[in-house]
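# Structure at a glance
Residue-level listing of the chains:
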Amino acid sequence: MRYHSLVIVDVHAHVFPPEVRDNREEYLQRDAGFRELYADAKARIATADELLASMEAAGVDRSVACGFGWSDAELCRRHSDYLMETAAKSGGRLIPFCTVQPSDDGTRDELKRCAARGARGLGELRPQQQGYGLIDSEEADLLAWASDAYDLPLLFHASEPVGHVYPGKAGLPLEQLGRFIADFPGVTVIAAHWGGGLPFYALMPEVREGISRTYFDTAATGFLYSPDVYARVIELVGAEQILFGSDFPLISQERALQEFAEATVALDDEARRLILGENARRLLRLPDG
Ligand SMILES: [Zn+2]
């Protein structure tokens, strides 16, 4: 299904430099987190050109191009360079979210460099796989500082503490996500995959208050939740805090939009418009259309 009259923004797509795709085996050896997600030869690795082709085919106007949370700071730097270079050539269609290793001594300068070169956010961050925590840590302080100083929303992978296991599930335990949001209420967080279920705790008044500025993306919904997750989370936090994300190329953008259409058929048009693009457009200050 197409929504020609709407702006469609996918806030959660992954792209890798061709160098990584072409030398996958080498990178599988180099990084345990990458190995967990991409050791399976069926796990697709897409380049920026492939993402642009997918957007064209699916009718997606803009996509946040995310990096990968490498353990090695140099790999993060090279990946961020690719994201910023390809986004700069995309005519605004790709929005670069850079990737950093906050435990590295040079990361403060790296964050400054990324912000100056056009980064629009950081992510998808996977603290657990990169070896740091978000509770009372220097890494948490650094990320919060950079987000605030350079106006960079933080896109965190978030994991459900229950349910089935899947490659890459570990990334950020719900407890740590909740603490980070409580400790840094001024920082804009996009909690991926419905925030690992955090919105359901909005039934606790202090949590509802604490997550009033947090966004939840819909990446990989079809693998995680039944379709009524949309209606339930809208009841709990409102459509204004939900962002459409596909998790491309794990799920094709076309399929993610199809699933969205089917899951939201009973919702009002305004909720669909907000989730599909308007919330992201406001958050990332994107032009109309
Ligand atoms: Zn994720």
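Residues numbered from 1 in each chain as written. Predicted model: local features only at pLDDT ≥ 70, side-chain atom pairs only at ≥ 80, totals over all residues.

### Considering the overall build of the chain
Quick note on the threshold: Secondary structure elements follow DSSP: runs of H or I no shorter than four residues count as helices, runs of E no shorter than two count as strands, and numbering proceeds from the N terminus. Every radius of gyration here is taken over C-alpha atoms, with the globule rule written as 2.2 Å times N^0.38, N being the number of residues. Here a residue counts as buried when 20 or more other C-beta atoms fall within 10 Å of its C-beta, as exposed when 12 or fewer do, and as partly exposed in between; the C-beta atoms come from the backbone.
The helix and strand tally for the chain stands at 15 helices and eight strands. Relative to the globule expectation of 19 Å for 289 residues, the C-alpha radius of gyration of the chain, 17 Å, shows essentially globular dimensions. Once the C-alpha set of the chain is aligned to its principal axes, its extents read approximately 45 × 45 × 35 Å. Going through the 289 residues of the chain one by one, you find that 48% of them count as buried.

### Structural notes on helix 15 (residues 269–283)
Let me state the cut-off plainly: Here the expected length of a helix is defined as 1.5 Å per residue gap, with one fewer gap than residues. By definition, a residue's bend is the angle between the axes fitted to the seven residues ending there and the seven starting there. Whether two residues are in contact is decided by their C-beta atoms, placed from the backbone, lying within 7 Å.
Taking 1.5 Å of rise per residue, the 15 residues of helix 15 would be expected to cover 21 Å, and the 20 Å separating its terminal C-alpha atoms lies within 8% of that figure. Along its length, helix 15 shows its largest kink, about 55 degrees, at I275. Within helix 15 the residues assigned to the buried category are R272, L274, I275, L276, G277, E278, N279 and A280. The elements touched by buried residues of helix 15 are strand 1 (9–14) and strand 8 (242–243). Taken from the residues just after helix 15, R285 is the one with a positive phi, measuring 45 degrees.

### A look at the sheet that holds strand 5 (residues 154–156)
Operational definition: We treat two strands as partners when DSSP finds at least two bridges between them. To obtain an axis, a line is fitted to C-alpha atoms, over the contacting stretch when the element is a helix, and the angle between two such axes runs from 0 to 180 degrees between their N-to-C directions.
Ordered by their spatial adjacency, eight strands build an open sheet running 1-2-3-4-5-6-7-8, and the pairing between neighbours is parallel. Every other strand in the sheet has two partners, leaving strand 1 and strand 8 as the edge strands with one partner each. Note: strand 3 (residues 94–98) against strand 4 (residues 121–125), two bridges, orientation parallel. Looking across to strand 4, one finds that F97 is bridged to G121. Set on the sheet, helix 5 (residues 73–88) makes contact with strand 2 (62–66) and strand 3; between it and strand 3 the angle comes to about 160 degrees.

### Considering the environment of R126
Among the structural elements, R126 can be located in the loop between strand 4 and helix 7 (127–130). We classify R126 as buried; it has 26 C-beta atoms within 10 Å. With 56 residues separating them along the chain, R126 and W70 place their C-alpha atoms 8.7 Å apart. Dropping the residues within four chain positions of it, R126 is found in contact with G33, G69, H157, G171 and L172.

### Observations regarding the pairing of strand 2
In plain terms, the rule: Seen with its strands pointing away from the viewer, a crossover is right-handed when the path leading from the first strand over the helix to the second is clockwise.
Most of strand 2 sits out of view: five of its five residues are buried. Burial along strand 2 is two-sided: R62, V64 and C66 and S63 and A65, pointing in opposite directions, are all buried. The pairing of strand 1 with strand 2 spans four bridges and is classified as parallel. Paired with D10 across the strands is S63, a residue of strand 2. Examined bridge by bridge, strand 2 and strand 3 share four bridges and lie parallel to one another. In the strand pairing of strand 3, S63 is matched with L94. Once you follow strand 2 into helix 5 and on to strand 3, the crossover reads as right-handed.

### Points about the nonpolar core
In globular proteins that are soluble, nonpolar side chains generally tend to be buried together. Under the convention used in this document: In these notes, a nonpolar core means any group of buried Ala, Val, Leu, Ile, Met, Phe, Trp, Tyr and Cys residues linked to one another through C-beta atoms within 7 Å.
If you look at the biggest cluster of nonpolar residues, it comprises 83 residues, and the most contacted ones within it are L51, A65, L154, L155, F156, I190 and A191. Counting residues per element, this core draws most heavily on helix 5, which supplies six residues. Dropping the residues within four chain positions of it, L51 is found in contact with A13, V15, A46, S63, A65, L94 and F248.

### Section: the packing of helix 6 (residues 107–116) against helix 8 (residues 138–150)
The criterion, for reference: Each angle is binned into one of four classes, with values under 35 degrees roughly parallel, values over 145 roughly antiparallel, values of 65 to 115 roughly perpendicular, and all other values oblique. In this scheme, a crossing is called left-handed if the near helix is turned counterclockwise away from the far one by less than a right angle; it is called right-handed if the turn is clockwise.
Where helix 6 meets helix 8, the axes come as close as 11 Å, and the angle between the chain directions of the two elements is 25 degrees. Taken together, helix 6 and helix 8 sit at an angle that is classed as roughly parallel. You can see that helix 6 and helix 8 cross each other, and the crossing is right-handed. Judged by residue contacts, T107, R108, L111 and A115 of helix 6 engage L142, A146 and Y150 from helix 8.

### Some details on the packing of helix 4 (residues 48–58) against helix 14 (residues 253–263)
We count it as follows: Charged means Asp, Glu, Lys or Arg here, nonpolar means Ala, Val, Leu, Ile, Met, Phe, Trp, Tyr, Cys or Pro, and polar covers whatever is left, Gly included.
One way to put it is that helix 4 packs onto helix 14 with a least axis distance of 8 Å and a crossing angle of 40 degrees. One way to sum up the angle between helix 4 and helix 14 is to call them oblique. Facing S54, M55, A57 and A58 of helix 4, the residues of helix 14 in contact are Q253, E254 and L257. The class makeup of the residues in the contact of helix 4 with helix 14 is four nonpolar, two polar and one charged.

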